[in-house]
Amino acid sequence: MEPPKPLCVLRGHEEGVSAVNFHSRSNSSLAPLILSGDTGGSVKIWDMKTRRVFASTRAHSDGVLNVLHATGKAEGILSHGKKGDINLWDLGQGSLVPVWQKQVGGIAFCKCALSEGDHLLALPAEDPSDLCLFDMDSKKTIATLNHSTDSVGMCMTVKFIRNESGVEQLLAGYENGCMILWDIKERRELWISKRHESPVLCMGVDSSRNNIAISGSTSNELHIGQIQVGNLEKSKKISLKHEGINCISFRNDYKLLATGGWDHRTRIFRWAKMTPLAILDIHTGAINDISWSSADSGNLLAVASKDRRISIWSLYNSNKKSKE
C-alpha cells in the first residue's frame, strides 16, 4: 500500500520547530491558522489558504515550548518559553502585538496546558518538579502543587482532565517515570503511579471512554490504562520499533491516535484497538509536536519537526473535504 503524502510542507523556521497547534477561526468558512514556535524563540502564524506566514515575532529569548490560542477572557495567542515566561499576543493585521508578559515558572521542558474554558494555566514552577497554577484573568499564580516524594524529578508533561463527576483535575508525568493525578481544588495528590522506567515525555486522555490514558517515554513503550479514583489501572503495554516517543495526540473524534518520535516518524493508529494504519516518514529530524485540527477545519494533522519543517496531512477523511 502506498504511504500517505502530505497536503503541504511549511518551511520558514530557522530553528527546529518545537510547538504546533491549530487555531480555528470564528468564521468557519475560513481555512484555519497554524500556530508554531521554534527552539530559537520565534513564533509564527500560518494561513492554511495561502500556506504562508501570516505573522511572525521573536517571542522568547530561548526556545518556545508551546503556542496556543486562548479563548477565555484573556483571549489571544499564548506562547510559553523554555525559561518559564508566558506571553499573550493580539493577532493584528499581519503582526503579533504584545498584550502582556509574565515570568511564571522556571527553566523546564514541559509544555504548559490550558484548562477547559482557558482560565487556568498549568506549568512547572521555579522548582521544575513542582507545578504552578496561573490564573489567566488576574494574571497571577494562585497555587503551587508540591509533590510528596523527593524522587520524581522534573515534571515533563501535564494535562487537565475531568473525572466522571465533571470535576477538573490535573494529570502530570515526571522524569522518574511516574504519573500523579492532582486535585486542583484541594491542591493535593490523589494518587502516584509508576508507569515507566524512564522519563514520561507525553500523554493523552480519551474522555469519551471514561478517561483512558496513554503515555509515552524515552523508551519504545506506550502504556495504556484507565484513570480511576485510587490509581491508574494498568491495562496494556505496546512496544514500538524505536525508542523515544516525544508526543501523542488524539483526533477530536477519538477514532485516530498519532504519535511522534525521535526516529523522525509519525505513527497513526486506529485508537479503538491500537491498530497501526500508517507511518508518516518525510521528516529528517525528531518529531517534536503533533496536533489535529477540529472536524470543522477538516481533521487535519500538523507535524512539527527538528528539521525546521511542518508537514500538514489529511488522513482517512474520505467523507470530509479539508479546508485548505
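Here, every reference points to the structure presented above.
The shown structure was predicted, so the numbers you read here are calculated from the model rather than taken from an experiment. (Residues numbered from 1 in each chain as written. Predicted model: local features only at pLDDT ≥ 70, side-chain atom pairs only at ≥ 80, totals over all residues. Heavy atoms only, no water.)

Enquirer: I'd like to hear about the packing of aromatic side chains, residue by residue, with values.
Expert: In the structure shown here, the tally under the stated rule is three aromatic pairs. With 5.9 Å between their ring centres and 50° between their planes, Trp100 and Phe134 make a pair best called tilted. Of the two residues, Trp100 sits in strand β9 (residues 96-103) while Phe134 sits in strand β12 (residues 131-135), which places them 34 residues apart along the sequence. Phe134 carries the same exposure label as Trp100, and that label is buried. Ring geometry for Phe250 against Trp271: centres 4.8 Å apart, planes inclined by 75°, an arrangement best described as edge-to-face. You can see Phe250 sitting in strand β22 (residues 245-250) and its partner Trp271 sitting in the loop between β24 (266-270) and β25 (275-280), a full 21 residues away along the chain. Trp271 carries the same exposure label as Phe250, and that label is buried. In textbook terms, an aromatic cluster arises when at least three aromatic residues are bridged by ring pairs, as seen for Phe250, Tyr254 and Trp271. The ring of Trp292 has Arg251 sitting right over it, with the charged end atom 6.0 Å from the ring centre. (Phe/Tyr/Trp six-rings, centres within 6.5 Å; stacked < 30°, edge-to-face > 60°. Helix = DSSP H or I, 4+ residues; strand = E, 2+ residues; numbered from the N terminus. Buried < 20%, exposed > 50% of the residue type's maximum accessible area, 1.4 Å probe, protein only. Lys NZ or Arg CZ within 6 Å of the ring centre and 35° of its normal.)

Enquirer: How would you sum up the sheet that holds strand β5 (residues 52-58)? Please name residues and give values.
Expert: Pairing is antiparallel in the open sheet, where four strands are placed in the order β2-β3-β4-β5. Every other strand in the sheet has two partners, leaving β2 (17-23) and β5 as the edge strands with one partner each. On average, adjacent strands in this sheet sit at an angle of 20° to one another, irrespective of strand direction. Direction of pairing for β2 relative to strand β3 (residues 33-38): antiparallel, over a ladder of six bridges. Each residue of the ladder has a partner; that of Asn21, found in β3, is Leu35. (Pairing = 2+ DSSP bridges. Axes fitted to C-alpha atoms, helices over the stretch in contact; angles between N-to-C directions.)

Enquirer: So, the sheet that holds strand β18 (residues 200-206): which residues are in play, and what are the values?
Expert: Sheet architecture is open: four strands sit in the order β18-β19-β20-β21, paired in antiparallel fashion. Each edge of the open sheet is held by one strand with a lone partner, namely β18 and β21 (232-239). Going across the sheet, the axis of each strand differs from the next one's by a mean of 20°, ignoring polarity.

Enquirer: Before we move on, could you go through the pattern of salt bridges and cite the residues and values that matter?
Expert: Charged atoms that come close allow side chains of opposite charge to pair. Under the criterion given, the structure shown has 10 salt bridges. Here Asp281 and Arg265 are joined by a salt bridge, their closest N and O atoms 3.6 Å apart. With Asp281 in the loop between β25 and β26 (287-292) and Arg265 in the loop between β23 (256-261) and β24, this pair connects stretches of sequence that are 16 residues apart. With a shortest N-O distance of 2.9 Å, Asp307 and Arg309 are connected by a salt bridge. When sorted by exposure, Asp307 lands in the same class as Arg309, which is buried. Where salt bridges share partners, they join Asp263, Arg265, Arg267 and Asp281 into one cluster. (Salt bridge = Lys/Arg side-chain N within 4 Å of Asp/Glu carboxyl O.)

Enquirer: Explain empty space enclosed by the protein to me, and be specific about the residues and the numbers.
Expert: Summed over the entire model, instances satisfying the criterion amount to one cavity of 30 Å³ or more. Around the largest cavity, the lining residues are Leu240, His242, Glu243, Gly244, Ile245, Thr259, Gly260, Gly261, Asp263 and Arg267. With three residues, the single largest contributor to the lining of the largest cavity is β23. Broken down by class, the residue content of the lining of the largest cavity amounts to two nonpolar, five polar and three charged. (1 Å grid on protein atoms, 1.4 Å probe; cavity = no way out; pocket = protein on both sides within 12 Å on 5 of 7 lines; lining within 4 Å. Points joined across faces, edges and corners; volume = space filled by probe spheres on them. Nonpolar A, V, L, I, M, F, W, Y, C, P; charged D, E, K, R; others polar.)

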